[in-house]
Amino acid sequence: MDLKKISLILVGVVLISFGIGFYSLRYIDNFRFSDYISENAIEITDNGDVVRVGGDGIHVLDGDTSVTITWRGVEVIEDGKRTVIGIDGLGLDNGLFNKVDLVNKTIDKSAEENISTKDLLRVKSTFADVSVERGSTDKVVATLKGSYKGNIDLDLEVSSIPGGLELRAVPDGNSFTISSSGLKFTVLVPDDFNGSAEVETSSASVTIKDLSLDKLNIATSSGSVQLMDTNTKNGSLTTSSGSQAVYPVAGDFTLKSSSGSIKMKLVEASGNVFATASSGGIEVDIEEKLNYSIEAKTSSGNLDYSGPGSVTRSDEDHMRIRIGDGSNTLDLETSSGSISVISE
């Protein structure tokens, strides 16, 4: 079936459904919009399904299928197949039933570039999994390698930006179809690099290993994020559909997941941590003898704590714990999911 036709049908169905759904909410006695509004968006979860309406568009997650509608176009992910159709690529002038020809493609690209110790490193990828880790040379070494099946060409681009360097594996245009991808986008940074890093992906996982950074900012639309042995003064992880794992947390961190679990380990180098999951559980492992004031809240799920310290509040949906002098903050909240904290 033609994917452009499907996308247009989905747009119509979703918009009509929202109109009917939001109108019907006025007849539910226990529904209050204030309970579902956060960060200028309305988000409703039910049994793991998520509907989020905000200034950046509409996102619907139903199991493993997701539909995202923005002013730029439509993204559909189903059974591992990702289709992106931009507004300028909907084919309204040329008809809606043009066949999409998918071709097997192979890439093996590499590039080297200088970067200063305190510079900004920005990495952007659409569907190639990203790995950023410490290398053994005095330059940034980037490789884009693997195969995929789609209707668009992809290249490795390197460019200077104010205060740093940008690496891109992003196709030209905003309308394309990718049915499968085994692409790996690997970035090795110099051993003495301790500046800032920004990683952004649309439908790809992100792995960060063995780095020491001033700031780290990661954002994915659909893909998991894993941090291992990475230190940063200030870190931010945001995923729309994908899990997050940070082992260990080093520095101050903010973690946000619209759909996906959050797992982390707190150690002596950990700072203040704020974690929010709309649909997914949160698991925290805290090394013994650390000092934390913990707030844990869930709208639908269990709250569990095991370890020393004093539990000053223990309700069905809200738990407050103090470990040691409570000098650091651990703030955990999930709309649909359980929270587990273990200190040992």
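Note that the structure is predicted; figures quoted are calculated from it, not measured.

Reading the values: the criteria
- Residues numbered from 1 in each chain as written.
- Predicted model: local features only at pLDDT ≥ 70, side-chain atom pairs only at ≥ 80, totals over all residues.
- Heavy atoms only, no water.
- Helix = DSSP H or I, 4+ residues; strand = E, 2+ residues; numbered from the N terminus.
- Buried < 20%, exposed > 50% of the residue type's maximum accessible area, 1.4 Å probe, protein only.
- Contact = heavy atoms within 4.5 Å.
- Areas by Shrake-Rupley, 256 points an atom, 1.4 Å probe, with all protein chains shown as cover.
- Pairing = 2+ DSSP bridges.

Colleague: Which residues make up the overall build of the protein chain, and what are the values?
Modeller: The secondary structure content of the protein chain amounts to one helix and 29 strands. A buried classification covers 44% of the 344 residues belonging to the protein chain. Relative to all contacts within the protein chain whose residues are 6 or more apart in sequence, the contacts with residues 24 or more apart total 53%. When the accessible surface of the protein chain is summed, it comes to about 17,200 Å², and 46% of that surface belongs to carbon and sulfur atoms.

Colleague: How would you explain unusual backbone geometry if you had to name every residue and give the values?
Modeller: Here the residue pair tyrosine 247 and proline 248 is connected by a cis peptide bond, since its omega of -10 degrees sits within 30 degrees of zero. Its place among the elements puts proline 248 in strand S21 (residues 244-257). Its identity is not glycine, yet aspartate 210 carries a phi of approximately 55 degrees, on the positive side. Mapped onto the elements of the fold, aspartate 210 is located in the loop between strand S17 (206-209) and strand S18 (212-220). At lysine 289, a residue that is not glycine, the phi angle is positive and equals roughly 70 degrees. Here lysine 289 is to be found in the loop between strand S23 (282-286) and strand S24 (292-298).

Colleague: Kindly report on the pairing of S18, identifying the contributing residues and their values.
Modeller: Bridge count between strand S16 (residues 196-201) and S18: six bridges; the pairing is parallel. Within S18, the position partnered with alanine 197 by the bridge is leucine 216. Where S18 and strand S20 (residues 231-239) come together, eight bridges link them in parallel fashion. Each bridged residue has a counterpart across the sheet, and for leucine 216 the counterpart in S20 is glycine 235.

Colleague: Residues and numbers for the pairing of strand S29 (residues 339-343), please.
Modeller: Only one face of S29 is buried: it carries Ile339, Val341 and Ser343, and the other face, with Ser340 and Ile342, is open. Where S23 lies against S29, five bridges are found, and the strand directions are parallel. In the strand pairing of S29, isoleucine 282 is matched with isoleucine 339.

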